[in-house]
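A closer look at the structure
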Amino acid sequence: MFNRPVKEINAEFLAEEKYLDSIQRTVKESCAAASMSRKDTQAVLLAIEEGATNIIRHAYLYEKGMIRLRVIIYKKLIVFSLIDFGRSFQPDDTGTLDLQRLVESGRKGGLGFYMIQKIMNSVEYISSAGLNELRMVKRIKGPSRAGRPFVRRMFTLRVKFSVWTFMVMLVIIGGSFYFINDRITRQEFTQHNQKILALATTMADEASGHFINRRSDVEFDELAVSYRRANPELVRVILTDANGIIRAHSDDIRNIRKPYSPPGGVQTRITGQAQIFTDGNRTLNYLIVPVMTGERVIGLTHTIYTSEHIYKRLASARVEIVILTVILILIGIFGIYLLSNYFVSPIVKITRRVRRFTSGDIESELPLEGAEEFFEISKAFNQMMTRLSQDRKNIVEREKMAKEIEVASQIQQTLLPRELPNLPGLEVKGFYRAASMVGGDLYDVFRIGEHRFCLTVADVSGKGVPASLVMSMLRTVIQIQASTSESAKSTLVKVNRYLEDNIPPGMFVTVFLVIYDALTHSISCVSAGHNPMLYYSAAEKRFSKINPGGMPLGIPAVAETSFESRLEELSMTMASGDLFFLFTDGVTEATDREGAQYGMERLTTFLETQLAANGIDSVTSLADTVVGEIDDFSGYVQASDDITFLIARCRLDDETDGLAAKSEKAAEVEITRISDNAGESADNE
C-alpha cells in the first residue's frame, strides 16, 4: 500500500486517563522524527488524545486494559494505530466505522471521531476477533515550508504591522463597497421595475375602457404609442385582446389584427412580474399585465423595457466611489505609517533589550524609560523576572523536599514487615497502600514469646509526613511493650502511657491488636477505638463483628474515666477454617466516581460470597481478590485514605503437633462480650 517505512515505533500503555500525557509524548516524538510542522503536530496530538480518550471511556468502561500505540513513518505519510481489546465502537461488527452514523445517532464519541476525520487525511476503524484498531493517516507536508521562517525574518515588525493593517483596512473598505453597491443596485432595479409595473397597470386600466366602449383600432394604437413616447425606457408596448389578437402595437401599425407571439423564453402565464430575455445583443425585460373588467380578463398589455440607463448611472457612480476609495486608501497608508512609527518603534526597542533575558540573564533589569505605557511594560517585566528568579529557587527547594519525602517513603516501606513470620496453625497475609507518598497506616506481625505472636493494624490520624513519623514511632513502641506484657490489654495500656507524653497535640491513633497463642490456637484482642474485626466461623459459614470497647491512643483521659477502664479484652479459640479480617477505614471508605463509599455491609457480603462460592486456597489469593474488588468499585479513583488490612486463617494439618490437633477437635468460640451496638457505632464513626 505504501512505500517502505522509514521508522516504526511501538508502545503500550494502561487504558487510564492519567497515561494520556505519556501517549501524547510518544506521538510528539514521532511527529518530530517525521519532520512534521508544529501546526500539524498540534492537530495530530488533539486527534490522538480524542481517540485514546474515547477508547478508555468506551472500550474499557467496565474493565481495565491496555492501549497499544503503533506509529509507522513513511517519506510522505505517517500512520497512527490505536489498538485495544475492549468493546467495539461498531455495533453490527461490520469491521468499518460509520462516522456519519455515529454523529447522526448521537452516540458517545461520535463528534470526537468526526473531529478526528477532519484532522486526519484518512481514518479507518477495524474490529475483528476481539481486537479493535483505530488507524489514522496524516500526510507530511513538503520541505518547502522550512524556508518560511527566513522569509518572515526578512520583514521587520513595522513592515508586518503596516502590511497587516493595510490588508485589514482594504478588506473593510472592499466589504463596505460591495455591500453599498449591492444594496444601491437592488434598490435602483426594484424602483425601476415598480415604476414600469405602475405604467403598465395604468395603461391596462385605460385599455379596459377602450375595450368596453369598443374604441377604434386607431384609438387603441394611439394609447400604446403615447405611453411609448412619454417613457424612453419603454422599448415596445403591445395590446392584445382575450384571444391573443393584437389591438395596438407601438412599433408597426400593420401588426394590428394579427395573432401575437411573445419572444422565446417568455411565459405568458406569468403576469405582474418582470421576465428577462435576450433580443440579439440586448438584454430586455418583459412585463405582462392583464386588462380586467370586473373579475374577467378581456386582454393583455405586453410591455418590453430596458434597464441600460440604470447600468450607465451605476457605472458612473462606481467610478466616483472608486476614486474616493483610492484617496481614502492613500490617506490610510499614510496614517498606518504614522501609527507604526508611534507604536511599533518603542516595542522594537524593548524587544532588543529583552533578548538578553532569553540567553539566561534574569538578574539585570530593563531601564524604566519611554512613554507611560512602555514604562509600565518595563516595570512589569522587571517584576516578572524577579518573581521568576524567586520561583526558580522555590522549585529547587520543592524538588529537594520531594526527594526527602521520597526517601521518607522508602524508609517507611522498610518499617513494614518484608516477610511475615511463620505462625504455626495460622496463615497470615497483609496489604498496605498509601494514599499519598507517605501514609499513616500500619500493620505488623511479630513473635513475642516461644509460641505467642502479636498481630496489629493501626491508623494514625492525618496523612503525610507527620502521620508517617508517628506510625514509625508507634510500631517500635508496640513491639517493645508487647514483648514484656502479659496480655493484649496490658500492651495497649503501656503504649498509651508512652504516647500521651510523646504524640503531637491534636493527633491520635486507633489500633486493633490481637495476641495469638499457637499451642491453644486462641486469640485475645483489644481495640483502641478502631474498626471492628470481622470474624468468620467455618462452622456457621458467616461473619461476625468483633468490637471490644476502647478509646483511641493519645487522647487525654477525662476525670470520669480512663483509657484502661474503657479498654475491653475479648478471647476466643479458633477452629480450623476460621478466619479474621483486620482493616483500616480506608477499605470501607473507598469511594467510586460518584462519591459513594464501599461500606462495611458490602465488604462483609463480598467476603461471605467469596468464601461460600469459591472457598479459599490461601489468604494470599483472598487478599488479592479483596484488592481487586476495591479497585473495581472505585474505578481507580485516587484514594483519600490509606488502605491497609490483615487476613489470618486457622489452618490445622498434619504438621501441627498433637496438642494443636486436639485443640482443633475441641475448638469452641467463646466470645467474652460482643457488642453489636458498639460495632455499629464504630461504623458510623
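Look a little higher up for the structure.
Residues numbered from 1 in each chain as written. Predicted model: local features only at pLDDT ≥ 70, side-chain atom pairs only at ≥ 80, totals over all residues. Heavy atoms only, no water.

**Comments concerning the sheet that holds strand 20 (residues 643-650)**
Condition: For two strands to be treated as a pair, DSSP must find no fewer than two bridges joining them. The way it works is that DSSP assigns letters per residue, a run of H or I at least four long becomes a helix, a run of E at least two long becomes a strand, and they are numbered from the N terminus. Axes, fitted as lines to C-alpha atoms, cover a helix only where it is in contact. Angles between the N-to-C directions of the axes lie from 0 to 180 degrees.
Ordered by their spatial adjacency, 5 strands build an open sheet running 11-20-19-16-17, and the pairing between neighbours is antiparallel. One side of each edge strand has no neighbouring strand; the edge strands of this open sheet are strand 11 (426-433) and strand 17 (542-546). Sheet twist, expressed as the average angle between the axes of neighbouring strands with direction ignored, equals 15°. Direction of pairing for strand 11 relative to strand 20: antiparallel, over a ladder of 8 bridges. The partner of Leu 426 across the bridge, within strand 20, is Cys 650.

**Here's the deal with the nonpolar core**
To be explicit about the condition: Nonpolar cores were defined as sets of buried Ala, Val, Leu, Ile, Met, Phe, Trp, Tyr and Cys residues, with membership established by side-chain atoms within 4.5 Å. Any residue under 20% of the maximum accessible area for its type is buried, any over 50% is exposed, and the rest in between are partly exposed; the area is computed with a 1.4 Å probe on protein chains only. Whether two residues are in contact is decided by their heavy atoms: any pair within 4.5 Å suffices.
Counting 58 residues, the largest nonpolar core has Leu 455, Leu 474, Val 509, Met 533, Leu 553 and Phe 580 as its most contacted members. If sequence neighbours within four positions are ignored, Leu 474 has contacts with Leu 442, Ala 458, Val 495, Leu 499, Val 509, Val 511 and Leu 553. In this structure, Val 27, Leu 45, Ile 48 and Ile 116 belong to the second largest nonpolar core, which totals 34 residues.

**With respect to the pairing of strand 9 (residues 282-293)**
In the sheet, strand 8 (residues 275-279) pairs with strand 9 via 5 bridges, with the strands oriented antiparallel. Looking at the pairing, Gln 275 lines up with Tyr 286 of strand 9. In this antiparallel pair of consecutive strands, strand 8 and strand 9, the connection spans 2 residues, and Gly 280 shows a positive phi of 70°. Two strands pair when backbone bridges link them, and strand 9 and strand 10 (residues 296-305) are joined in this way by 9 bridges, in the antiparallel orientation. Each residue of the ladder has a partner; that of Met 292, found in strand 10, is Val 297.

**A closer look at unusual backbone geometry**
Backbone geometry places Ser 35, a non-glycine residue, at a positive phi of 60°. When you line up the elements, Ser 35 lands in the loop between helix 1 (20-33) and helix 2 (38-59). On the basis of relative accessible area, Ser 35 is assigned to the exposed category, the value being 62%.

**Quick word on the pattern of salt bridges**
Condition: Any Lys or Arg side-chain nitrogen found within 4 Å of a carboxyl oxygen on Asp or Glu counts as a salt bridge.
Tallied over the entire structure, the rule returns 21 salt bridges. For Arg 135, the salt bridge goes to Glu 124, with nearest N and O atoms at 3.8 Å. Taken together, the positions of Arg 135 in strand 5 (residues 131-139) and Glu 124 in strand 4 (residues 122-128) put the pair 11 residues apart, joining distant regions of the chain. Take Arg 135: its relative accessible area is 25%, and that puts it in the partly exposed class.

**Examining the packing of helix 10 (residues 464-483) against helix 11 (residues 488-502)**
Our working definition: By definition in this entry, angles of less than 35 degrees are roughly parallel, angles greater than 145 are roughly antiparallel, angles of 65 to 115 are roughly perpendicular, and the rest are oblique. Note on convention: near helix rotated counterclockwise from far helix by under a right angle means a left-handed crossing. Clockwise means right-handed. Residue polarity follows a fixed list, in which Ala, Val, Leu, Ile, Met, Phe, Trp, Tyr, Cys and Pro are nonpolar, Asp, Glu, Lys and Arg are charged, and the others, Gly among them, are polar.
Contact geometry for helix 10 and helix 11: axes closest at 9 Å, N-to-C directions at 140°. In terms of axis orientation, helix 10 runs oblique to helix 11. Remark: the crossing between helix 10 and helix 11 carries right-handed chirality. Two secondary-structure elements touch here, helix 10 through Met 473, Leu 474, Val 477, Ile 478, Gln 481 and Ala 482 and helix 11 through Thr 491, Lys 494, Val 495, Tyr 498, Leu 499 and Asn 502. Class assignment for the residues of the contact of helix 10 with helix 11 results in 8 nonpolar, 3 polar and 1 charged.

**Overview of the pairing of strand 4**
Pairing of strand 4 with strand 5 involves 7 bridges; the strand directions are antiparallel. Along strand 5, the bridge assignment pairs Ser 127 with Asn 132.

**Here's the deal with the sheet that holds strand 3 (residues 77-84)**
In spatial order, the strands read 1-2-3-5-4; together these 5 strands make up an open sheet with antiparallel pairing. In this open sheet, the two strands that pair with only one neighbour each are strand 1 (7-14) and strand 4. Each strand of the sheet is rotated relative to its neighbour by a mean of 15°, with strand direction disregarded. Pairing of strand 3 with strand 5 involves 8 bridges; the strand directions are antiparallel. Bridging across to strand 5, Ile 78 finds its partner in Lys 138. Relative to the sheet, helix 2 contacts strand 2 (66-73), strand 3 and strand 5, its axis offset from that of strand 3 by approximately 15°.

**A few points about the packing of aromatic side chains**
Each aromatic ring pair is specified by the distance between its two centres and by the angle formed by the two planes. To keep things clear, this is the line we draw: Side-chain rings of Phe, Tyr and Trp, where Trp is taken by its six-membered ring, are said to pair if the distance between their centres is within 6.5 Å; with planes under 30 degrees apart they count as stacked, over 60 as edge-to-face, and otherwise as tilted. For a Lys NZ or an Arg CZ to count as sitting over a ring, it must be within 6 Å of the ring centre and within 35 degrees of the ring normal.
For the structure on display, the rule yields 8 aromatic pairs. Judged by centre distance (5.3 Å) and plane angle (25°), the rings of Phe 431 and Phe 645 are stacked. Separated by 214 residues along the polypeptide, Phe 431 in strand 11 and Phe 645 in strand 20 bring together distant segments of the chain. For the pair formed by Phe 431 and Phe 645, the shared burial category is buried. Among the aromatic residues, those joined into a cluster by ring pairs are Phe 431, Phe 581, Phe 583 and Phe 645. The positively charged end of Arg 247 is found above the aromatic ring belonging to Phe 220, 4.6 Å away from the centroid.

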